[in-house]
Amino acid sequence: MDSRNGGGNDPVLPEEYDEVLEVIDLDDQDDQDPNDDNVANEIGDMDLENYEEYDESEGGEMEGAESDIPDDAEAWFTEHTGSVFCCDVDQTGSGLVVTGGEDDKGYIWNIADGTKVSECTGHKDSVTCVSFSHDGTMVATGDMSGIIKVWKLDKMEEAWSFEGSDLEWLMWHHSAPVLLGGTADGDLWMWKIPSGDCKTMQGHGCQTTCGKMFPDGKRCCVGYEDGVIKVWDLKQTAATHSFKDNSGHSGGITSIDCHEDNILALSGSVDGTAKLLNTNSGKVLATFSAGPVNSDIGDTNSVEAVALCNSHPFAAVGSLNGALGIWDVPTQTLRHTCQHEVGIVRVKWDPAGSSNVFTAGLDGCVRLWDARSGQMVSSWGGHRGEILDMSVTSDGSTIVTASGDTTARVYTIQKPDR
C-alpha cells in the first residue's frame, strides 16, 4: 500500500461536504451567527500585563480481594500489556472506546463491559494517539514512530495508512473525513480519508506538541516546544497569527483549548502559566498563573491541562503542582483554587453544560468539582497507577480513563442536579 494513499473508495457524502473535500477545501462552513454570545466581546481587545511525582505504582490485576484500593469502576479493559497512553470514546453513542498503549497496540472495545471488539495491529512503537471520526464510522490510531492507520468500523478493517516522521498528536475534523496530525519536525499534515490527498503546513523547525481545531473547522491552534503558538488557516494552509516572544510562553506548550465562539483560545505551558488568546486580533488578553511549585508534590508547576467552558464564562487551568485554577474570563480574576494532593494531567468541563469540571490526577483518581463554589462534588478511584488520559461521553454521564497500570477503566457519573 502506498504510504500516502490508502485503499478503498471515498464514502458518499452529503453535498455540503463537496467543497470541503475538494483538495481538502475547508471554506464551506456557514459564517458565525452575529447574534451568538461572544465571550471575547466582553473583554474587548485590551492588552493585559502578566499576573503575577507521584511514584508510579506497579501494574497488575485490578480485580480481586488482594487489592486494598477502592474500585469505583463499572468496567475495565485489561488487554494491554504496558501503560495505556490514550483513550477516546465514540461520541455518536455506539458504546465503543479506543485505547492505545506502550505495547504498540490499539484496541477497540465495549464501554459497557470492557470486552474486546477489535485489535488495531501493524504499529511499530507505542500507540500514543487515538481518535474516532465525527460520525463514528472510522477510528485513527497513531504511534510514536509516525505510523498512522485508519480503520473502518463497519467491517473492522484497515482503510488507510501513512508513515512519516515522529507523530506528536492526531485529530479529526469536526464535520468531514479529514485527519490532522502534528510531527516532531514541526510540520502540520492534513489528509482526506481514505483517498490520502494531503496538504502540509511547514513549521519553523521546532517540534509541535499539541493542536486543537476551532469548532467551525476552519482554523487550528498549534503549540510548539519553544513556546510559540500559531493559528493556521486550514484552507489557505497559512499561519494567520503567531504568538511568540513577549506575547508567547517562555516554555513548551502542553495543551490548547478553543472556545465555541471561534475566537478565544487558551494555552498551557511548562512555564507555569496559561494564556487567554484572541485569535482574530492576535493579542494575548490575559495570563493566568498556576501558582508556585509545591514541594510536597514535586518540583514543577507545569500547566498540563487547560479548558474553556462553553456554558459559563470560566477557564480551568490544571497544573502538576496540584492546583486547579478556576478563572473568570471577562474579569480575568481567579475565582477558586481547587487543591489536589497530586499533579493534575487532564481537565474537562461537563459536556452537558453544567458548571462542573472533571480532573484526572497522578494518583489514579478522577474528581468532579463545582466551579461556582470551588468544592469537590465527588471522586472515583481504582487505578493503581497514574492516569495518563481521560475521555468523557457527550452527555457527561460516563468517563473512560487510561492509566500507567496497563488498564483502562469506565466510571459512571452520578452528578448533582444541574
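Structure: above.
Every chain is numbered independently, its residues counted from 1 as its sequence is written. Since the coordinates come from a predicted model, pLDDT governs what is reported: local features require at least 70, and pairs of side-chain atoms require 80 or more to be given and counted, while whole-chain, interface and lining totals use all residues. Water and hydrogen atoms play no part in the side-chain values, which are based on all heavy atoms of the structure.

Draft legend 1. Seen up close, the overall build of the protein chain. In this text, helices come from DSSP runs of H or I with a minimum length of four residues, and strands from runs of E with a minimum of two, each type numbered from the N-terminal end. In terms of regular secondary structure, the protein chain is built from one helix and 32 strands. Counting across all 418 residues of the protein chain, residues that qualify as buried make up 57%. Surface exposure of the protein chain reaches about 17,000 Å², of which carbon and sulfur atoms provide 41%. Burial classification: accessible surface area is computed with a 1.4 Å probe over protein chains only, and a residue below 20% of its type maximum counts as buried, one above 50% as exposed, and the rest as partly exposed. Each accessible area is a Shrake-Rupley result for a 1.4 Å probe, and residues are judged covered by the shown protein chains and nothing else.

Draft legend 2. Just the packing of aromatic side chains, in detail. For Phe, Tyr and Trp, where Trp contributes only its six-membered ring, two rings pair if their centres lie within 6.5 Å, and the inter-plane angle classes them as stacked under 30 degrees, edge-to-face over 60, or tilted in between. For the coordinates displayed, the defined rule picks out nine aromatic pairs. An angle of 35° between the planes, with centres 6.2 Å apart, marks the rings of F314 and W349 as tilted. Here the residue F314 occupies a position in strand β23 (residues 314-319), and W349 occupies one in strand β26 (residues 344-349), the gap between them amounting to 35 residues. For the pair shown, F314 and W349 are each scored as buried. Taken together, the ring pairs in this structure connect W160, F162, W189 and W191 into an aromatic cluster.

Draft legend 3. Focus on the pattern of salt bridges. A carboxyl oxygen of Asp or Glu within 4 Å of a side-chain nitrogen of Lys or Arg is what we treat as a salt bridge. Tallied over the entire structure, the rule returns eight salt bridges. The partner of K105 in a salt bridge is E119, with the nearest N and O atoms 3.5 Å apart. Within this pair, whereas K105 is found in the loop between β3 (96-101) and β4 (106-110), its partner E119 is found in strand β5 (residues 116-120), the two being separated by 14 residues in sequence. The shortest N-O distance in the salt bridge between D363 and R367 comes to 2.7 Å. The same class applies to D363 and to R367, which are both buried.

Draft legend 4. Quick peek at the environment of Q332. You can see Q332 is positioned in the loop between β24 (323-328) and β25 (333-339). Classification of Q332 as buried rests on a relative accessible area of 6%. Sequence separation of Q332 and F288 is 44 residues, and the distance between their C-alpha atoms is 7.9 Å.

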